[in-house]
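Analysis of the macromolecular model
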Amino acid sequence: MKKKDFYNELIEFLELDPVDLDENTEFTSIEGYDSMAVMSLIAFCDEKFGTKINAQQIQKLTTVGSLMDFLGREKFEN
Amino acid sequence: MSTLHNKTIVITGASSGIGRQIAIDSASQGAATILVARNKSRLEETRQMLVTGNHFVCPFDVTDFGNIDGLINEVYEKAGSISGFVHCAGLESTIPFRNMKAEIYENLFKINVIAAFEFARIISKKKYMNPDGGSFVFLGSVMSRFGREGKVGYCASKGALTSSIKAMSLELSSRKIRCNVILPGVVQTEMINKMFESIPESSVKQITDQHPLGLGMPEDIANMAVFLLSDKSRWITGSELVIDGGYSAQ
């Protein structure tokens, strides 16, 4: 998956306000990123990547890039 | 005197949690138990926990609706007429409404609602049911009365199950079958532990704090289930019994 498509899917799934994401973006800095967004992120990993992740693990993934590391870098291309 | 002596009880979801505890407590009260769930080895574990008796392990997917009659017929051949049914098989889901999909609702309703109805309908047939009647116990949830983020599908499924009980109890009263639903608060089971992993720690603390008597244990629910299965509750039907450590008292 292209990184740009990943960012767009993430924004759409979490229903975040349009924002320019990159690997360095910290989740907590995104407007509208709240506890419901955390639940959505868990559902996103499961539905889009078949990857189970729990709330404790999610909290350790502070940036978009760290989420991509968790999901597996081989799944992304520029 | 054991309160479930000479009673054969079918229990779905008997491989873990509340279902397993109900099997243990029913057996200790003299029941023959029919243990139903998908995982055979976990059902065998449950059977190992039961006092000696006429217990049967039945690996079965409760959403295999077309084969429930065959399963119950097999149970009848082995164990004789049935006096009780407990539907503990259940699916929990914590997904924000905005991310829900039709297939997630379908899965929730298949396991939490339709499987309960189909097992009850088939077991209630004259050819399977004890002529003296019996008791059906369904596991609902206080979530059928209260809301929580991420629970639209789960609340809806438990609400559907709960709202069916009065009609079912009226239809089956002529056969002396009583139907009741238990509405537990949060009980410490594997399913709930898994749910707790999918929500922020702050939410786990909030849920725990909302139970004035703390989170429940499977035996807290099993005690009521055994009572409802027994003749001691012979005048109780169509009821919703809340057991929630005070969650709904607030």
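Residues numbered from 1 in each chain as written. Chains lettered and ligands numbered in written order. Predicted model: local features only at pLDDT ≥ 70, side-chain atom pairs only at ≥ 80, totals over all residues. Heavy atoms only, no water.

Quick look at the pairing of strand 4 (residues 84-87) of chain B now. All names here are of chain B. With burial as the criterion, each face of strand 4 is covered, one bearing G84 and V86 and the other bearing F85 and H87. Bridge count between strand 1 (residues 8-12) and strand 4: four bridges; the pairing is parallel. Among the inter-strand pairings, I11 is bridged to a residue of strand 4, identified as V86. Strand direction decides the pairing type here: strand 4 and strand 5 (residues 134-139), joined by four bridges, are parallel. (Buried < 20%, exposed > 50% of the residue type's maximum accessible area, 1.4 Å probe, protein only. Helix = DSSP H or I, 4+ residues; strand = E, 2+ residues; numbered from the N terminus. Pairing = 2+ DSSP bridges.)

Residue and element names in this part refer to chain A. Direction vectors running N to C along helix 1 (residues 3-13) and helix 2 (residues 35-49) enclose 130°, while the axes themselves pass 10 Å from each other. Classified by the angle their axes make, helix 1 and helix 2 are oblique. Note on packing geometry: the crossing formed by helix 1 with helix 2 is right-handed. Residues F6, E9, L10 and F13 of helix 1 pack against S40, L41, A43, F44, E47, K48 and F49 of helix 2. (Axes fitted to C-alpha atoms, helices over the stretch in contact; angles between N-to-C directions. Parallel < 35°, antiparallel > 145°, perpendicular 65-115°, else oblique. Left-handed = near helix turned anticlockwise from the far one by under 90°. Contact = heavy atoms within 4.5 Å.)

Take the packing of aromatic side chains next. Taken as a whole and assessed by the stated rule, the structure comprises 14 aromatic pairs over all chains. These aromatic residues form a ring-pair network of at least three members: F6, Y7, F13, F44, F49 and F76 of chain A. Of note, K151 of chain B hangs over the ring of Y154 of chain B, and the distance from its end group to the ring centre comes to 5.1 Å. (Phe/Tyr/Trp six-rings, centres within 6.5 Å; stacked < 30°, edge-to-face > 60°. Lys NZ or Arg CZ within 6 Å of the ring centre and 35° of its normal.)

Listed in full, the buried residues belonging to helix 6 (residues 190-197) of chain B are I192, M195 and F196 of chain B. Each buried residue of helix 6 of chain B sits inside an arc of 100° when the element is viewed along its axis, so together they form one side. Residues of helix 6 of chain B that are buried sit in contact with helix 3 (55-60) of chain A together with helix 7 (201-209) of chain B. (Arc of directions from axis to C-beta.)

All names here are of chain B. If you walk across this open sheet you meet the seven strands as 3-2-1-4-5-6-7, and the pairing is parallel. One side of each edge strand has no neighbouring strand; the edge strands of this open sheet are strand 3 (56-59) and strand 7 (239-243). In this sheet, adjacent strand axes meet at a mean angle of 15° when their direction is disregarded. Lying on the sheet, helix 2 (residues 40-49) is in contact with strand 2 (32-37) and strand 3; it crosses strand 3 at an angle near 160°. The sheet strands contacting helix 8 (residues 218-229) are strand 1, strand 4, strand 5, strand 6 (177-184) and strand 7, and the helix crosses strand 6 at an angle near 170°.

The subject of this paragraph is the interface of chain B and chain A. The interface of chain B with chain A comprises 14 residues on the first partner and 16 residues on the second. Between chain B and chain A, roughly 1300 Å² of surface is buried when both sides are summed, and carbon and sulfur atoms account for 57% of that area. At the boundary of chain B with chain A, the tally comes to one salt bridge. Across the pair K101 of chain B and E47 of chain A runs a salt bridge, and its minimum N-O distance is 3.4 Å. Applying the counting rule to chain B against chain A returns six residue pairs in polar contact (both at pLDDT 80 or more). Considered class by class, the residues forming the side of chain B that touches chain A number five nonpolar, four polar and five charged. (Buried area = accessible area lost by both parts, 1.4 Å probe. Salt bridge = Lys/Arg side-chain N within 4 Å of Asp/Glu carboxyl O. Polar contact = N/O pair within 3.5 Å; in protein donor to acceptor, adjacent residues only side chain to side chain. Nonpolar A, V, L, I, M, F, W, Y, C, P; charged D, E, K, R; others polar.)

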